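# Breakdown of the fold
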Amino acid sequence: APVDPANLSLDPAFEHAFQALVTSNADAAAVLRSIKIIRTLITNAITKGQQGDDETSSKFRRVRLSNPKISEAITDMNGALELMMCVGFVLSESDDDGETYLVYPPGDRGPDWLERGIARMEAYEKAK
């Protein structure tokens, strides 16, 4: 039988943030959009964001919070920012443009439970 991702241990901070995201935002469609975007951002950061030269890879590790789509999916969604941070993104102010970014460290493939976390998000999306 396939392993149920819900039964695999995840980081308590991830679990807490994920529960906040799916239970404390009224708009269910917005929650699904948010999860999909978060999943894409995390996946890009740990794959494309770790390949090639820094100039190429860094754009996959930087998320500008003032971007309207990002703002809607992450900044405005309860639990979403915490979710991003517990997988390894760090809040960072850019000296160049004064913007706030979520930045994923180069050379980091994420915590050992991250694959299960991504599977958990996918399972939630499929169930809806």
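Okay, so let's go over this structure. Note that the structure is predicted; figures quoted are calculated from it, not measured. (Residues numbered from 1 in each chain as written. Predicted model: local features only at pLDDT ≥ 70, side-chain atom pairs only at ≥ 80, totals over all residues. Heavy atoms only, no water.)

## Examining the overall build of the protein chain
- The helix and strand tally for the protein chain stands at six helices and three strands.
- Along the protein chain, helices (α) and strands (β) appear in the sequence α-α-α-β-α-α-β-β-α when read from the amino end.
- The C-alpha atoms of the protein chain give a radius of gyration of 15 Å, which matches the 14 Å a tight globule of 128 residues would have.
- With respect to the principal axes defined by its C-alpha atoms, the protein chain has extents near 45 × 30 × 20 Å.
- Sequence separation of 24 or more characterises 66% of the internal contacts of the protein chain that already satisfy a separation of 6 or more. (Helix = DSSP H or I, 4+ residues; strand = E, 2+ residues; numbered from the N terminus. Rg over C-alpha atoms; globule rule 2.2 N^0.38 Å. Contact = heavy atoms within 4.5 Å.)

## With respect to the packing of aromatic side chains
- Under the defined criterion, the tally for this structure stands at four aromatic pairs.
- Considering the side-chain rings of Phe14 and Phe18, the 6.0 Å spacing of their centres and the 5 degrees angle between planes classify their relative orientation as stacked. With Phe14 and Phe18 both in helix H1 (residues 12-23) and four residues apart, the pair spans about one turn of that helix. Judged on exposure class, the residue Phe14 and its partner Phe18 are both buried.
- Here the aromatic rings of Phe18 and Tyr124 are separated by 5.7 Å at their centres, their planes lie at 90 degrees, and the arrangement is edge-to-face. (Phe/Tyr/Trp six-rings, centres within 6.5 Å; stacked < 30°, edge-to-face > 60°. Buried < 20%, exposed > 50% of the residue type's maximum accessible area, 1.4 Å probe, protein only.)

## Considerations on the pairing of strand S3 (residues 100-103)
- When strand S1 (residues 62-64) meets S3, the two strands line up antiparallel, connected through three bridges. Across the sheet, Arg62 pairs through a bridge with Val103, a residue of S3.
- The pairing of strand S2 (residues 90-93) with S3 spans four bridges and is antiparallel. Bridging across to S3, Glu93 finds its partner in Thr100.
- Counting the residues that bridge the hairpin from S2 to S3 gives six residues, and of these Gly98 lies at a positive phi of roughly 70 degrees. (Pairing = 2+ DSSP bridges.)

## Concerning the pattern of salt bridges
- Scanning all chains against the criterion turns up five salt bridges.
- Residues joined in a network through salt bridges with shared partners are Arg39, Glu122 and Glu125. (Salt bridge = Lys/Arg side-chain N within 4 Å of Asp/Glu carboxyl O.)

## Thoughts on the nonpolar core
- By size, the foremost hydrophobic cluster in this structure holds 33 residues, and its most contacted members are Ile38, Ile42, Ile74, Met84, Phe89 and Met121.
- Residue assignment for this core shows that the elements contributing at least two residues are H1, helix H2 (28-46), helix H4 (68-75), helix H5 (80-86) and helix H6 (114-127).
- In terms of residues, this core owes the most to one element, H2, which gives nine residues.
- When near neighbours in sequence (up to four residues on either side) are disregarded, Phe89 contacts Leu41, Ile42, Ala45, Arg61, Val63, Met84, Leu102, Val103 and Tyr104. (Core = buried A, V, L, I, M, F, W, Y, C linked by side-chain atoms within 4.5 Å.)

## A short note on the packing of H2 against H6
- Where H2 contacts H6, the axes come no closer than 10 Å and their chain directions differ by 150 degrees. When the axes of H2 and H6 are compared, the pair comes out roughly antiparallel. H6 is crossed by H2, and the crossing has left-handed handedness. Residues Val31, Leu32, Ile35, Lys36, Ile38, Arg39, Ile42, Thr43 and Ile46 of H2 lie in contact with H6, whose contacting residues are Leu114, Ile118, Met121, Glu122, Tyr124 and Glu125.
- Looking at the contact of H2 with H6 residue by residue, the classes come out as 10 nonpolar, one polar and four charged. (Axes fitted to C-alpha atoms, helices over the stretch in contact; angles between N-to-C directions. Parallel < 35°, antiparallel > 145°, perpendicular 65-115°, else oblique. Left-handed = near helix turned anticlockwise from the far one by under 90°. Nonpolar A, V, L, I, M, F, W, Y, C, P; charged D, E, K, R; others polar.)

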